[in-house]
Amino acid sequence: MDHCGTLFLCLCLLTLQNATAETWKELLSYMENMQVSRARSSSFSFRQLHQLEQMLLNTSFPGYNLTLQTPTIQSLAFKLSCDFSGLSLSSATLKRVPQARGQHARGQYAWGQHAMQFPAELTRDACKTQPRELRLICIYFSNAHFFKDENNSSLLNNYVLGAQLSHGHVNNLRDPVNISFWHNQSLEGYTLSCVFWKEGARKQPWGGWSPEGCRTEQPSHSQVLCRCNHLTYFAVLMQLSPALVPAELLAPLTYISLVGCSISIVASLITVLLHFHSRKQSDSLTRIHMNLHASVLLLNIAFLLSPAFAMSPVPQSACTALAAALHYALLSCLTWMAIEGFNLYLLLGRVYNIYIRRYVLKLGVLGWGVPALLVLLSLSVKSSAYGPHTIPVFNSWENGTGFRNMSICWVRSPVVHSVLVMGYGGLTSLFNLVVLAWALWTLRRLRVRADAPNARACRDTVTVLGLTVLLGTTWALAFFSFGVFLLPQLFLFTILNSLYGFFLFLWFCSQRCRSEAEAKAQVEAFSSSQTAP
């Protein structure tokens, strides 16, 4: 009887082994069919990919891992438990490197010129439901030309790496998944960005690349490191970038921006407080200045917060809101610059005698309302127009050029940036330059008249230069970020515009001292006329 039981058990094991072998053959055949369909057509059905994922999640295999491979597709499956201590996939040979602790859950595998490291907290949420078994699958594609967005963006090495946990979607990891890509190609002129494939993104049925939740680093000239807080299909996007910031200049430019914007914030706050303290004596011109100060204050605060909100722990919605606020502050600042130029034109054109009913109220609606409508319109047309924006930075090494990126919350849409940042800023700067030229010509004409004292005309010239040059013309430096002008433009633009609020504060103080001096002179003149016999 014991011999019969042993024979029956052996038959069962043999049957199970044959069934498992058949399952593996079926999986391998399916992968080969995917490879053939990819070769015959430029399109790709993600239904096939999802079917492969389900087959890997449901197939049975002995031991703790399974590896299947075709020339361009490689699939791995791992059995995990709640004492999962991490997993590394790397190197160039599929040889297991055993670990002393948690050997079934922690190991090192070859995966071409790539590496993926999964943190221990990967199974944290899944283990709360106490599943019988967790399974992690990884799929690697070489020659991944089918992952194309509407821009036909290039991928580093043309490789895509993907991972999925059987429990469901994994996101918002405290310790990120680290994906490394090694390469030996020259990347001069390219911006590198770690991205993942987001199905249904960019209003396309097949999806598109998105950088959400990923941070890009480049530890060396031959490695790109992606740190992402979720699981999906990852790649490194290569985009042509004509103007890159040298890494050695990033620290001084950041320091200048931080110090300059902080000084401008303090100066703008003092100016606004002084205005409210003496608001009974304010006129329409002063109230216009205060609106400009308020927009500059909002711009500097939003700009200083922008890099911190672009970090991965901060929710994407918060970065989007701050990016929209920063864009709104910039548009408001540019609009109030144009209003200052328009007001200067009216003052000089009507010989200092002007009255428009509810003038300041109408200008306030224009200065604050129009930028709000433009930002809301951008959000309604394309909600992804705002969010983390990657600034390319390059390092120069002895053996080549490497890249790393920093991010801020800013405009992500090229169309919005071209029209509502560069275009809007260019129009306001051009308008103020025209007003400046006209005002100088007008004051020069007044100076030669007999009834316009030379000292008054010179004072007016200084006033126009101080008001118009500081209120708009320095922003025109943004259009000189090319060629030999790039480095001087970076420093001049950063210094002048980060201290913009401070310059306005000096202008406010000079105007206040001037008005007080004129008032004192009038009082003294009146007193002298009263005491005269």
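Residues numbered from 1 in each chain as written. Predicted model: local features only at pLDDT ≥ 70, side-chain atom pairs only at ≥ 80, totals over all residues. Heavy atoms only, no water.

Draft legend 1. Summary view of the confidence of the model for the protein. Residue-level pLDDT values for the protein average 75, and 70% of them are 70 or greater. When mean pLDDT is taken per element in the protein, helix α7 (residues 359-381) scores highest with 93 and strand β4 (residues 108-109) scores lowest with 42. Counted against residues more than four places away or in other chains, residues 7-21, with its pLDDT under 50, gives three contacts. Low pLDDT, under 50, characterises residues 91-112; the stretch is placed with 60 contacts to residues that sit more than four places away or in other chains. (pLDDT = per-residue confidence, 0-100. Helix = DSSP H or I, 4+ residues; strand = E, 2+ residues; numbered from the N terminus. Contact = heavy atoms within 4.5 Å.)

Draft legend 2. How the structure looks around the side chain of glutamine 489. Relative to the helices and strands, glutamine 489 is located in helix α10 (residues 486-498). A relative accessible area of 8% means that glutamine 489 is categorised as buried. With residues up to four places along the chain from it excluded, the contact list for glutamine 489 reads Leu477, Ala478, Phe480, Ser481 and Thr494. (Buried < 20%, exposed > 50% of the residue type's maximum accessible area, 1.4 Å probe, protein only.)

Draft legend 3. Main features of the pattern of salt bridges. A complete count under the given rule lists four salt bridges for this structure. Of the charged contacts in the structure, one is a salt bridge between lysine 198 and glutamate 212, with a shortest N-O distance of 3.5 Å. With lysine 198 in strand β10 (residues 190-198) and glutamate 212 in the loop between β11 (208-210) and β12 (214-220), the pair connects residues that are 14 residues apart, well separated along the chain. Look at lysine 198 and you get partly exposed, because its relative accessible area is 32%. Residue arginine 227 pairs with glutamate 217 through a salt bridge whose shortest N-O separation is 3.3 Å. Residue arginine 227 is found in strand β13 (residues 223-228), and its partner glutamate 217 is found in strand β12; the two are separated by 10 residues along the sequence. When its relative accessible area of 24% is taken as the criterion, arginine 227 is described as partly exposed. The exposure class of glutamate 217 is partly exposed, given its relative accessible area of 25%. Through salt bridges with shared partners, a single network forms among Arg215, Glu217 and Arg227. (Salt bridge = Lys/Arg side-chain N within 4 Å of Asp/Glu carboxyl O.)

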